[in-house]
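In case you want the letters, here they are:
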Amino acid sequence: MENYLADRPVEAGPPDALYHLRKWVVRNRLLAAAAALVLLGFATSVVGFVRANQNAREAANEAHKAAQALQLIDEMFLASGSPAAPQIRPLLDAFTHDLTQQIERQPELAITLLETVGRAYQRLGAFEEAERHLSRAYALAEARHGTRSETAAAVEASVGWLHRDRGDYQAARAAVAHALHFQTEHLGAGHEARLRSLAYLIDIERQTGNASAADKLAAEWRATLESAQTKGRLSPSQVLSIRLAARSPHTSTPLKKLETAKRTLEQARAEEVEPSRMLQLWHAQVDAAISAGHTAEAEMAAREALQLAQSLHDDPVPTLLARAKLAEADAARGQLRSAEKELARVLEELTSLLGREQPATMRVALSLSSVRLNRELKSGASLARSVERYHREQLGTENELTLRSRMTLAGFLRLEGRHPEALSYCQSVLATMRTLFGVEDSRALEAERSLLSCYTGAKRFLDGRSFATETINRHRSVLGASHRWSLNCERRLGDLVMQEGRWSEAEEVYRRVLKEQDPISTDESGSLLIRSRMAKICELKRRYSEEAEFLRGVFDGDPAESLPPIVAASVHLRLGRWHRRAFERDEA
């Protein structure tokens, strides 16, 4: 067991050479990346020698074997570190420096080489280099085999997925659809390459707002994948590879998405996939648990991810990203102040390692700006603006990260008193979220909650009440009446009617929320915030004994940790006024 946890060979069965190799790769990830590049060059030389000294059929067989070896090398390279590992880029650059003459000598092998290198650059976020190598691979495949060939179709699908990552959805759809058409006609519906391309196309259709087309394709994708697996045409590892190749090929409600994340993670653990992929799956489960309101599960998954990342000693970036995920889980549980401090530390360290305008750095910056928004800190507005601008310029206006950034920025506009702008931003984000992901998706539900706060800030009470009723009913239908996010919507409705001056109605809403709270899924900050609101209502209605009860409820928690500083200060001020009144009564 100790050997297994340390990624060393275990003694429970006869270990073969490949088993030892995989374990060595896990323990020596950076060295494995260098070895992978050396093996790439070696494989190229071997095939060149074979082609020069054997007949065409033997050379073709050897080229096919070399291509299989290159696929394994590609997986080793991508598993050897985090996508943003700064140590790997120089190794890749050094290898590609002399790649041109290899292409001239062995054009057949060069197609696989160029595609492998292109995917590696894409994984590192170097999109220009990735496009250059993938485009050369496709041009070479087209010249040797024509556009209607299995090789050209596979490379074209990779080119389309690169366009998707860059936010060029029109080019992405054209490339992937063209590749998929050939694969469907010549390879069969259940072929691994065809299913991977179909998953790409589903995600692209989601991103471009074609929800009905995406749903239809997703149903076909699931049915075909299950059929191919049942008939034994695909191994479990191939099925897992297809599922991991693209982002989620279909959307679902938050609770279903969490269940899917759990199943995928369990399957990956059974398959003993590479640590880098396992880390991604743990992070996906953290996100899914937070979206579903299961904060305890989010914290547990984040700690598992951190433990796994810390075992990868030669690269600090995975550990930093895992620390950021744990901070996000803490923020979801209401530990806002400590989460903000940890995210700020992680952002500073990532910036020093990778630079500011890098995908990993900007994701952490987005998380930090979201926590600062929840703490109502206007100082976070400048960070939110830079994050939104980066994602908009790099990924396009309809990318999920861009939409989340705009939603966060809208919150800061609301704090700054720019309510019409904030309302317009949130309405635009919600419309796009619904189009891309569906009305019951967790991202669309989150946008609804943000828009409800904007209605309150803009004092659009009539529209806000109507929208709040619609939002609450949808949350109850998707998540249940006592779910954390359903009660969060009701709390926001209470804020709206309280801002309107309807204290009795607000009190009724707050009491209902406190009564229905589920201790498993409720966050600390939401509970304390409601009690602080109730204390204010009791003070306004001169019910001072009840006010004291609610104030004690607030201070039973940790208001400085879980409440925005301005709200925590108002609670302290209200407590001071209560003590002054009590002193005056005692004096009388």
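Note that the coordinates shown come from a computational prediction; the quantities given were computed from them, not determined experimentally. (Residues numbered from 1 in each chain as written. Predicted model: local features only at pLDDT ≥ 70, side-chain atom pairs only at ≥ 80, totals over all residues. Heavy atoms only, no water.)

It is worth spelling out the overall build of the chain at this point. Looking only at helices and strands, the chain has 30 helices and 0 strands in total. A total of 588 residues make up the chain; the buried ones form 52% of that total. Of the contacts formed within the chain by residues at least 6 apart in sequence, a portion of 65% connects residues at least 24 apart. Counting only carbon and sulfur atoms, one obtains 50% of the accessible surface of the chain, whose full area is about 26,600 Å². (Helix = DSSP H or I, 4+ residues; strand = E, 2+ residues; numbered from the N terminus. Buried < 20%, exposed > 50% of the residue type's maximum accessible area, 1.4 Å probe, protein only. Contact = heavy atoms within 4.5 Å. Areas by Shrake-Rupley, 256 points an atom, 1.4 Å probe, with all protein chains shown as cover.)

Tracing the sequence through the fold places Arg 443 in helix H23 (residues 442-458). In terms of polar contacts, Arg 443 uses its side chain to reach the side chain of Asp 441, at 2.6 Å. (Polar contact = N/O pair within 3.5 Å; in protein donor to acceptor, adjacent residues only side chain to side chain.)

A complete count under the given rule lists 42 salt bridges for this structure. Note that Glu 259 is salt-bridged to Lys 262, the shortest N-O span being 3.8 Å. Placement of both Glu 259 and Lys 262 in helix H14 (residues 254-271) is noted, with a separation of 3 residues, approximately one turn of the helix. Given a relative accessible area of 38%, Glu 259 falls into the partly exposed group. With a relative accessible area of 24%, Lys 262 lands in the partly exposed category. Across the pair Glu 500 and Arg 465 runs a salt bridge whose closest N-O atoms are separated by 4.0 Å. Placement of Glu 500 in the loop between helix H25 (484-499) and helix H26 (503-516) and of Arg 465 in helix H24 (residues 461-479) is noted, with a sequence separation of 35 residues between them. The partly exposed category is assigned to Glu 500, whose relative accessible area is 30%. (Salt bridge = Lys/Arg side-chain N within 4 Å of Asp/Glu carboxyl O.)

Nonpolar side chains tend toward joint burial in soluble globular proteins. Ranked by internal contacts, the top residues of the largest apolar core, which has 49 residues, are Met 433, Leu 451, Tyr 510 and Leu 563. Broken down by element, the residue count for this core peaks at 8 residues, all from helix H22 (residues 419-437). Beyond its immediate stretch of four places on either side in the chain, Tyr 510 contacts Arg 491, Gly 494, Asp 495, Met 498, Ile 530, Arg 533, Met 534 and Ile 537. Counting 25 residues, the second largest nonpolar core, distinct from the first, contains Val 273, Ala 289, Leu 308 and Leu 326. (Core = buried A, V, L, I, M, F, W, Y, C linked by side-chain atoms within 4.5 Å.)

Using the criterion set out here, one finds 0 disulfides in the structure. Cys 454 takes part in no disulfide bond, and the closest cysteine sulfur to it belongs to Cys 426, at a distance of 3.4 Å. (Disulfide = S-S within 2.5 Å.)

Moving on, we come to helix H20 (residues 381-395). When the terminal C-alpha atoms of H20 are compared, their 21 Å separation across 15 residues agrees well with the 21 Å that a helix rising 1.5 Å per residue should span. If you check which residues of H20 are buried, you get Ala 381, Leu 383, Ala 384, Ser 386, Val 387, Glu 388, Tyr 390, His 391 and Leu 395. (Expected span 1.5 Å × (residues − 1).)

Below, the discussion takes up unusual backbone geometry. Its identity is not glycine, yet Glu 376 carries a phi of approximately 60°, on the positive side. With a phi close to 60°, Lys 459 is a non-glycine residue in the positive phi region. Within the secondary structure, Lys 459 is located in the loop between H23 and H24.

A few words now on the packing of aromatic side chains. As enumerated under the stated definition, the model contains 2 aromatic pairs in all. Pairing Trp 161 with Tyr 200 gives two aromatic rings, centres 4.5 Å apart and planes at 15°, and the pair type is stacked. Remark: Tyr 200 occurs in helix H11 (residues 192-207) and Trp 161 occurs in helix H9 (residues 150-166); sequence separation between them is 39 residues. Among the residues examined, Trp 161 registers a relative accessible area of 7% and is labelled buried. Ring plane angle 50° and centroid distance 5.5 Å describe the contact between Tyr 455 and Phe 467, whose orientation is recorded as tilted. Of the two residues, Tyr 455 is situated in helix H23 and Phe 467 in helix H24; the sequence distance between them amounts to 12 residues. Considered together, Tyr 455 and Phe 467 belong to a single accessibility category, that of buried residues. Positioned above the aromatic ring of Tyr 425 is the side chain of Arg 406, whose terminal nitrogen or guanidinium carbon lies 4.4 Å from the ring centre. In this arrangement the basic side chain of Arg 449 is found over the ring face of Trp 485, its NZ or CZ atom lying 3.9 Å from the centre. (Phe/Tyr/Trp six-rings, centres within 6.5 Å; stacked < 30°, edge-to-face > 60°. Lys NZ or Arg CZ within 6 Å of the ring centre and 35° of its normal.)

Below, the discussion takes up the packing of helix H21 (residues 400-415) against H23. At their nearest, the axes of H21 and H23 sit 10 Å apart, and the two run at 15° to each other. In terms of axis orientation, H21 runs roughly parallel to H23. For the pair H21 and H23, the crossing hand works out as left-handed. Note on element contacts: H23 touches H21 through Arg 443, Glu 446, Ala 447, Ser 450, Ser 453 and Cys 454, opposite Glu 400, Met 407 and Arg 414. For the contact of H21 with H23, the per-class residue count stands at 3 nonpolar, 2 polar and 4 charged. (Axes fitted to C-alpha atoms, helices over the stretch in contact; angles between N-to-C directions. Parallel < 35°, antiparallel > 145°, perpendicular 65-115°, else oblique. Left-handed = near helix turned anticlockwise from the far one by under 90°. Nonpolar A, V, L, I, M, F, W, Y, C, P; charged D, E, K, R; others polar.)

We now examine the side chain of Arg 406. Looking at the element boundaries, Arg 406 is found in helix H21. A distance of 3.1 Å separates a polar atom in the side chain of Arg 406 from a polar atom in the side chain of Glu 388.

So, about the environment of Leu 114. Along the chain, the position of Leu 114 falls in helix H7 (residues 107-124). The exposure class assigned to Leu 114 is buried, which follows from its relative accessible area of 1%. Once the C-alpha coordinates of Leu 114 and His 133 are considered, the two residues, 19 residues apart in sequence, prove to be 5.3 Å apart.

Time to look at the packing of H22 against H23. Between two packed helices, what matters for the description is the angle formed by their axes and the separation of those axes. At a closest axis distance of 9 Å, the pairing of H22 and H23 adopts a crossing angle of 160°. One finds that H22 runs roughly antiparallel with respect to H23. H23 is crossed by H22, and the crossing has left-handed handedness. Each of His 419, Ala 422, Leu 423, Cys 426, Gln 427, Val 429, Leu 430, Met 433, Arg 434 and Phe 437 in H22 lies in contact with H23, whose residues at this interface are Arg 443, Ala 444, Ala 447, Glu 448, Ser 450, Leu 451, Cys 454, Tyr 455, Gly 457 and Ala 458. Its residues placed into classes, the contact of H22 with H23 shows 13 nonpolar, 4 polar and 3 charged.

Along the chain, Glu 150 turns up in helix H9. For Glu 150, a relative accessible area of 43% translates into the label partly exposed. Between the C-alpha atom of Glu 150 and that of Phe 182, which follows or precedes it by 32 residues, the distance is 7.8 Å. Those residues in contact with Glu 150 that sit more than four places away from it in its chain are Phe 182, Leu 187 and His 191.

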